[in-house]
Amino acid sequence: MRVTDADDEPQWFVVHTKPKCEHIAAANLAEMGIESFCPRIRYQKTTRRGRIWFLEALFPCYLFARFSLREHLRAVNYAQTVLRVVRFGDDYQPVPEAAIAALREEMGEGPFKELRTEPDVGDEVVVAEGPLLGLKGVVTARLTGKDRVRILLEFLGKENVIEAKVKKFDPGKNPREFLAAKP
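Here's what I pulled together on the structure shown here. Residue indices follow the written sequence of each chain, beginning from 1 at its first position. Given that the model is predicted, a residue must reach a pLDDT of at least 70 before its local features are reported, and side-chain atom pairs must reach 80 or more before they are shown or counted; all residues, however, enter totals for whole chains, interfaces and linings. The basis for every side-chain value is the complete set of heavy atoms in the structure, and neither hydrogens nor water enter the calculation.

## Focus on the sheet that holds strand S6 (residues 82-85)
Strands are treated as partners if at least two bridges between them are detected by DSSP. A run of H or I in DSSP becomes a helix once it reaches four residues, and a run of E becomes a strand once it reaches two; helices and strands are each numbered from the N terminus. Strand order in the open sheet formed by 4 strands is S2-S5-S1-S6, with antiparallel pairing between adjacent strands. Of all strands in the sheet, those with a lone pairing partner are strand S2 (35-37) and S6, marking the two edges. On average, each strand axis in the sheet is inclined to that of its neighbour by 35°, with strand direction left out of account. Relative to S6, strand S1 (residues 11-17) runs antiparallel, the two sharing 3 bridges. Bridging from a neighbouring strand, Thr17 pairs with Val82 of S6. In the packing of helix H1 (residues 22-31) onto the sheet, the strands contacted are S1, S2, strand S5 (62-67) and S6, and the crossing angle to S5 comes to about 10°. Packing against the sheet, helix H3 (residues 97-107) makes contact with S1, S2 and S5, and its axis sits at approximately 55° to S2. The axes are straight lines fitted to the C-alpha atoms, using for helices just the contacting stretch, and the angles between their N-to-C directions are given from 0 to 180°. Note on contacts: a residue pair qualifies if any of its non-hydrogen atoms lie within 4.5 Å across the two residues.

Here you go:
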């Protein structure tokens, strides 16, 4: 590893953490006086127990930390729940300040960004509860009733239209896809 005079200035770096420990690593770095940024998302997902809220890191197993390579690299690398500071070959590549600022702006002021994962017209969904559990269909309309949608399902060799509450369907997408699809 080559350390230069530029490495005395605090810069943002990507830190690889243990799985599901991003927020713990961020807290450990904060105790050492190192600024960190761990963007997190909160979303609902249908499980066997019904609709459950999940809170997880936007970038699983990664966070951003701002520190001086010369002064803090060893401390960051050996912090609890941290695996390593990401590097390419022998070089630690800083993340541009503008990229962190843009990401912070996108995520908003709170500790996490809440994603609405309700399906839109044309989205494919999966029935998440009831006797039709597991069947796939396409949303044909959003209804004015309380969070209701009309779904076109193929069942027993026929196309059938059903109406039900949105919470009875799983959007069939990764929640991060909703973040990418800006309204």
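## A closer look at the pairing of S1
Categorising residues by exposure relies on relative accessible area from a 1.4 Å probe, with only protein chains included: less than 20% of the type maximum marks a residue as buried, more than 50% marks it as exposed, and the intermediate range marks it as partly exposed. In terms of burial, S1 is a largely internal element, 5 of the 7 residues being buried. Bridge analysis of S1 against S5 gives 6 bridges, and the strand direction is antiparallel. Residue Phe13 lies in a different strand from S5, and its bridge partner there is Ala65.

## With respect to the nonpolar core
By nonpolar core is meant a set of buried Ala, Val, Leu, Ile, Met, Phe, Trp, Tyr and Cys residues that side-chain atoms within 4.5 Å join together. One finds Val15, Leu29, Leu63, Ala65, Phe67, Val76 and Val85 to be the most contacted residues of the largest nonpolar core, which totals 18 residues. Elements with a contribution of two residues or more to this core: S1, H1, S5, helix H2 (69-77) and S6. When neighbours within four sequence positions are excluded, Val76 is seen to be in contact with Val15, Leu29, Met32, Ile34, Phe67, Val82 and Val85. Tyr43, Val95, Leu103 and Met107 belong to the second-largest nonpolar core, a separate cluster that totals 11 residues.

## Focus: H2
Among all positions of H2, only Leu69, Leu73, Val76 and Asn77 are buried. For H2, the angular spread of buried residues about the axis comes to 85°, placing them on one side. Seen from the buried face of H2, the exposed residues on the opposite side, beyond 90 degrees, are Glu71 and Arg74. Considering only its buried residues, H2 is in contact with S1, H1, S5 and S6. Of all possible arcs, the one meant is that of the directions from the helix axis to the C-beta atoms.

## So, the sheet that holds strand S3 (residues 40-47)
Read across the sheet, 3 strands follow the order S4-S3-S7 without closing on themselves; strand pairing throughout is mixed. Each edge of the open sheet is held by one strand with a lone partner, namely strand S4 (50-57) and strand S7 (113-114). Of the pairings in the sheet, the one linking S3 to S7 comprises 2 bridges and is parallel in character. Following the sheet pairing, Arg42 is matched in S7 by Glu114.

## Some details on H3
Along H3, the positions that sit buried rather than exposed are Ile100, Leu103 and Met107. Buried residues in H3, looked at end-on, bunch into an arc of 65°, giving them a common side. Exposed residues lying more than 90 degrees from the buried face of H3 are Ala98 and Glu105. Just downstream of H3, Gly108 is the residue with a positive phi angle, here 85°.

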